[in-house]
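Residue-level listing of the chains:
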Amino acid sequence: TGGSAAPSGRIAFVTSEARTADLGGIEGADALCAAEASAAGLEGEFKAWLSTLDSPVADRFVQSADPYVRVDGTRIADDWADLTNGSLQAVLNLDARGVERRSDVWTGTLPSGLAYTEVDCDGFTSGATGAALCGTTVSVNANWTANAVPTCNTLLRLFCFQQ
């Protein structure tokens, strides 16, 4: 909720705004994360936890030895290996300003950080037809990133991670 000391570790949050899967691809999704981080006064580079068929998170992200934390400082993972082991230490349900968000989240990403290779809403550039993998802000098991496969016109949020 602002005004407190910066959390120790790489900050992760969920976007405040829900959108269809027409995100402008990975670049568009990363830009949304950067914009929300900047608006909330968070420093550093932020990328969306979003994989397309040919561009998995595991290839785009810094695989950090630092902990991953929510904006309130709560640890969600000890490091990259812990982040991608199929479970989190706490739900990732706070937006960049610390507001709780209970919803599903576009990911296209398996718990390992690899891409879900069946469908991806045309690389997350289509909000009309098709489907893509989503996670959820209310789970600490593998469902946090691999929960369901909704249609591309569904309004969902994104997870954003400091690099």
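Details of the structure are given in the entry above.
Note that this is a predicted model, so its numbers are computed, not measured.

**Student:** What should I look at first to understand the nonpolar core in this one?
**Tutor:** For soluble globular proteins, the rule of thumb is that nonpolar side chains tend to be buried together. Grouped together as the largest cluster of nonpolar side chains are 25 residues, with contacts concentrated most on Phe13, Leu23, Leu42, Leu50 and Trp106. Only β1 (10-14), α1 (25-39), β2 (46-48), α4 (121-124) and β7 (157-162) provide two or more residues apiece to this core. If you tally residues by element for this core, the top one is α1, at 4 residues. By size, the runner-up hydrophobic cluster in this structure holds 18 residues, among which are Ala12, Val14, Tyr68 and Ala90.

**Student:** Hey, could you run me through the environment of Thr107 in this one?
**Tutor:** With respect to the element layout, Thr107 can be found in the loop between β5 (104-106) and α4. Along the sequence, Thr107 and Phe159 sit 52 residues apart, while their C-alpha atoms lie 7.6 Å from each other. Dropping the residues within four chain positions of it, Thr107 is found in contact with Trp49, Leu50, Ser51, Phe124, Leu133, Cys134, Gly135, Thr145 and Phe159.

**Student:** Help me out: how do you make sense of the side chain of Ser126 in this one?
**Tutor:** On the secondary structure map, Ser126 appears in the loop between α4 and β6 (134-136). A distance of 3.2 Å separates a polar atom in the side chain of Ser126 from the backbone nitrogen of Ala128. Apart from the residues lying within four places of it in its own chain, the contact partners of Ser126 are Ala21, Asp22, Cys121 and Cys152.

**Student:** When you look at the state of the cysteines in this model, what are you seeing that I'm missing?
**Tutor:** What we call a disulfide is simply a covalent bond connecting the sulfur atoms of a pair of cysteines. Per the stated rule, a full pass over the model turns up 2 disulfides. Paired through a disulfide, Cys33 and Cys160 show a sulfur-sulfur distance of 2.0 Å. Residues Cys33 and Cys160 share a disulfide whose torsion about the S-S bond is about -75°; that sign makes it left-handed. With Cys33 in helix α1 and Cys160 in strand β7, this pair connects stretches of sequence that are 127 residues apart. The residues Cys33 and Cys160 share a single accessibility class, namely buried. Put simply, Cys121 and Cys152 are joined by a disulfide, and their sulfur atoms are 1.9 Å apart. Because the torsion about its S-S bond is -100°, the bridge between Cys121 and Cys152 counts as left-handed. Remark: Cys152 occurs in the loop between β6 and β7 and Cys121 occurs in helix α4; sequence separation between them is 31 residues. We note that Cys121, like Cys152, is buried. If the cysteines joined by disulfides in the chain are listed in sequence order, their pairing comes out as 1-4, 2-3.

Procedures and definitions
Residues numbered from 1 in each chain as written. Predicted model: local features only at pLDDT ≥ 70, side-chain atom pairs only at ≥ 80, totals over all residues. Heavy atoms only, no water. Core = buried A, V, L, I, M, F, W, Y, C linked by side-chain atoms within 4.5 Å. Buried < 20%, exposed > 50% of the residue type's maximum accessible area, 1.4 Å probe, protein only. Helix = DSSP H or I, 4+ residues; strand = E, 2+ residues; numbered from the N terminus. Contact = heavy atoms within 4.5 Å. Polar contact = N/O pair within 3.5 Å; in protein donor to acceptor, adjacent residues only side chain to side chain. Disulfide = S-S within 2.5 Å.

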